[in-house]
Amino acid sequence: MDPLSPSSAPPAAPRRATARFMLSHPAHCIALGFGAGLSRIAPGTVGTLWAWLAFLALQQWLSPLHMGLLIAASTVVGWWACTVAARNLGVADPGSIVWDEVVAFWLVLWLAMPMGWWGQLVAFALFRFFDAAKPGPVAWADGLFKGFGWRGGWGILWDDFVAAFCTLLVIALWRFWA
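What counts, and at which threshold
Residues numbered from 1 in each chain as written. Predicted model: local features only at pLDDT ≥ 70, side-chain atom pairs only at ≥ 80, totals over all residues. Heavy atoms only, no water. Helix = DSSP H or I, 4+ residues; strand = E, 2+ residues; numbered from the N terminus. Rg over C-alpha atoms; globule rule 2.2 N^0.38 Å. Buried < 20%, exposed > 50% of the residue type's maximum accessible area, 1.4 Å probe, protein only. Contact = heavy atoms within 4.5 Å. Expected span 1.5 Å × (residues − 1). 1 Å grid on protein atoms, 1.4 Å probe; cavity = no way out; pocket = protein on both sides within 12 Å on 5 of 7 lines; lining within 4 Å. Points joined across faces, edges and corners; volume = space filled by probe spheres on them. Nonpolar A, V, L, I, M, F, W, Y, C, P; charged D, E, K, R; others polar. Phe/Tyr/Trp six-rings, centres within 6.5 Å; stacked < 30°, edge-to-face > 60°. Polar contact = N/O pair within 3.5 Å; in protein donor to acceptor, adjacent residues only side chain to side chain.

### Some words on the overall build of the protein chain
From N to C terminus, the protein chain includes eight helices and zero strands. When its helices and strands are written in sequence order, the protein chain yields α-α-α-α-α-α-α-α. Over its C-alpha atoms the protein chain spans a radius of gyration of 16 Å, differing by no more than 12% from the 16 Å that the globule rule assigns to 178 residues. Oriented by its inertia axes, the alpha-carbon framework of the protein chain measures out at about 55 × 35 × 30 Å. Taken across its 178 residues, the protein chain has 47% of its residues classed as buried. Pairs at least 24 apart in sequence give 73% of the contacts found in the protein chain among residues at least 6 apart.

Okay, structure coming up:
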């Protein structure tokens, strides 16, 4: 099976993400958030925590423009990585794929910063709520692009971008009325 071909069918039986799976292909490593997605407990939350820490570290060396370019590039690379990893796991949107949380939470922090630790914690909690509970528009986005291939790979990212938008909307309203 060609790992770059988006039309390749998934394996007959779903696989479990393991360290061996993650290290078997660069796309797997990216999609699994460099290991954050291997957490047996709340991999999406662990991936978002990883994103938060990585963002704080990266902002020490990257300007806001460069951070925005990194987010854009990470979206494109993540689309490819999520497409490949989901197909190779045999699951359309496996919980172990956390790159969607990473890039979406980077977007939240990039657009909402500067803010102190409590503001970042509120952004984290809001994003996790919208991503996990999938109210309204997030549920709509989650159902929009399903399956394997490039469409399904985009779907993995899309609902997290809508959760990021909802988070940013709440933060904007909070700042407006506070």
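### Considering helix H5 (residues 99-112)
In this model, H5 (14 residues) spans 20 Å end to end at C-alpha, consistent with the 20 Å of a helix rising 1.5 Å per residue. For H5, the tally of buried residues reaches 11 of 14 residues, placing the bulk of the element in the interior. Every buried residue of H5 is accounted for by Trp99, Asp100, Glu101, Val102, Val103, Ala104, Phe105, Trp106, Val108, Leu109 and Ala112. The inward-facing, buried residues of H5 abut helix H2 (26-31), helix H3 (43-58), helix H4 (64-89), helix H6 (117-133) and helix H8 (149-177).

### A look at unusual backbone geometry
Geometrically, the link from Met113 to Pro114 is a cis peptide bond, its omega value of 5 degrees lying close to zero. With respect to the helices and strands, the residue Pro114 is situated in the loop between H5 and H6. The residue Ala42 is not glycine, and still its phi comes out positive at about 50 degrees. You can see Ala42 is positioned in the loop between H2 and H3.

### What about the layout of surface pockets?
The volume enclosed by the largest pocket comes to roughly 150 Å³. Every residue along the wall of the largest pocket is listed here: Arg15, Arg16, Ala17, Gly37, Leu38, Ser39, Arg40, Leu89, Val91, Pro94, Gly95 and Ser96. Tallied by class, the residues present in the lining of the largest pocket amount to five nonpolar, four polar and three charged.

### Structural notes on the packing of aromatic side chains
Enumeration over the complete set of coordinates arrives at 18 aromatic pairs. Note on Trp79 and Trp154: the rings are 5.0 Å apart at their centroids and 55 degrees apart in plane angle, and the pair reads as tilted. A residue pair is termed long-range when its members are at least 10 positions apart, and Trp79 in helix H4 and Trp154 in helix H8 qualify at 75 residues. Ring centres 6.1 Å apart and planes at 85 degrees place the aromatic pair Phe105 and Phe124 in the edge-to-face group. Taken as a pair, Phe105 in helix H5 and Phe124 in helix H6 lie far apart in primary sequence, 19 residues in all. Ring pairs connect the aromatic residues Trp52, Phe105, Trp117, Trp118, Phe124 and Phe127, which therefore count as one cluster.

### With respect to empty space enclosed by the protein
Tallied over the entire structure, the rule returns one cavity of 30 Å³ or more. Approximately 60 Å³ is the volume found for the largest cavity. Ala92, Asp93, Asp142, Phe145, Lys146, Gly147, Gly152, Gly155 and Ile156 are the residues that line the largest cavity. At three residues, the largest contribution of residues to the lining of the largest cavity is made by H8.

### Some details on the side chain of Asp131
Mapped onto the fold, Asp131 is located in helix H6. Note on Asp131: relative accessible area 5%, which makes it buried. Separated by 2.6 Å, the side chains of Asp131 and Arg128 make a polar contact. Discounting residues that sit within four places of it in the chain, Asp131 has contacts with Glu101, Asp159, Asp160 and Ala163.

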